[in-house]
Amino acid sequence: MRIARSSKTKWVAAGIGAVALVLGVVAVLSLPQTTGANPATMRLGRNVDGVTLVNDAGESVRWGALKGRPRALFFGFTHCPVVCPVTVWELNDALDKIGAGGAAIDIEFVTIDPERDTPQRLHAYFSGFEGRVHSYTGSAEAIARLARAFDISYQRQDDGEGDNYSMDHTATVFLLDVDGRVRDVIGYGSPPDVARARLSALIAAPPPR
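Throughout what follows, the structure given in this document is the object of discussion. (Residues numbered from 1 in each chain as written. Predicted model: local features only at pLDDT ≥ 70, side-chain atom pairs only at ≥ 80, totals over all residues. Heavy atoms only, no water.)

Observations concerning the layout of surface pockets
- Computed from the structure, the largest pocket encloses a volume of approximately 290 Å³.
- Lining the largest pocket are 19 residues; nearest its centre among them are Glu90, Leu91, Ser190, Pro192 and Ala195.
- Mapped onto the lining of the largest pocket, the elements with two or more residues apiece are helix 4 (83–98), strand 9 (172–176), strand 10 (182–187) and helix 7 (192–204).
- Broken down by element, the residue count for the lining of the largest pocket peaks at 7 residues, all from helix 4.
- Residues of the lining of the largest pocket, tallied by class, amount to 10 nonpolar, 5 polar and 4 charged. (1 Å grid on protein atoms, 1.4 Å probe; cavity = no way out; pocket = protein on both sides within 12 Å on 5 of 7 lines; lining within 4 Å. Points joined across faces, edges and corners; volume = space filled by probe spheres on them. Helix = DSSP H or I, 4+ residues; strand = E, 2+ residues; numbered from the N terminus. Nonpolar A, V, L, I, M, F, W, Y, C, P; charged D, E, K, R; others polar.)

This is the structure we're talking about:
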């Protein structure tokens, strides 16, 4: 399955028609909503600059090397039925609606399912976003360390044999400034105007001193 920028109708229909599926398969655990940088968010994502992931081109990337641009970070998995694709599509749509300023923000997707989410799969899955979504996999240990730093919870839920399983996971978007600090969060299901306002505030945030 590949997410495409032109698939609005598809994903909106999926989101409406699969609410029961979301509730039954994916446990959505969101951090409290905030309205700007505060100690509860600024403490997140610390001491992980040395974590090495693998991007969708198969290249090793150090987490700390990604600083320099504001980012909207989401942890998920490509076999997710609704929450993950809808979240990424809504982020992309919000940035499009912001206009030219939206180009300043990258969307970063870190898989919590490295067993299935290979660089090749990530590349194909996000190919419709014209380079706006940057996706990462890596070792289970590296992903677990990064996830802990952002208070991300996830757990495999076996639905059958082999790779037929789902993942319960936190569904929060973290808004990182150019120095990699978490300035704010967007909870799953936030109204579009809330998401746009918080993304706009991230773009306008003064550079760290």
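There is more to say after this.
Concerning the pattern of salt bridges
- As enumerated under the stated definition, the model contains 13 salt bridges in all.
- Close ionic contact of arginine 69 with aspartate 106 constitutes a salt bridge, the shortest N to O distance being 2.9 Å. Placement of arginine 69 in the loop between strand 3 (60–62) and strand 4 (71–76) and of aspartate 106 in strand 5 (residues 106–111) is noted, with a sequence separation of 37 residues between them.
- Of the residues examined, arginine 69 reaches a relative accessible area of 34% and is grouped as partly exposed.
- The exposure class assigned to aspartate 106 is buried, which follows from its relative accessible area of 14%.
- Salt bridges sharing common partners tie together Glu115, Arg156 and Asp158. (Salt bridge = Lys/Arg side-chain N within 4 Å of Asp/Glu carboxyl O. Buried < 20%, exposed > 50% of the residue type's maximum accessible area, 1.4 Å probe, protein only.)

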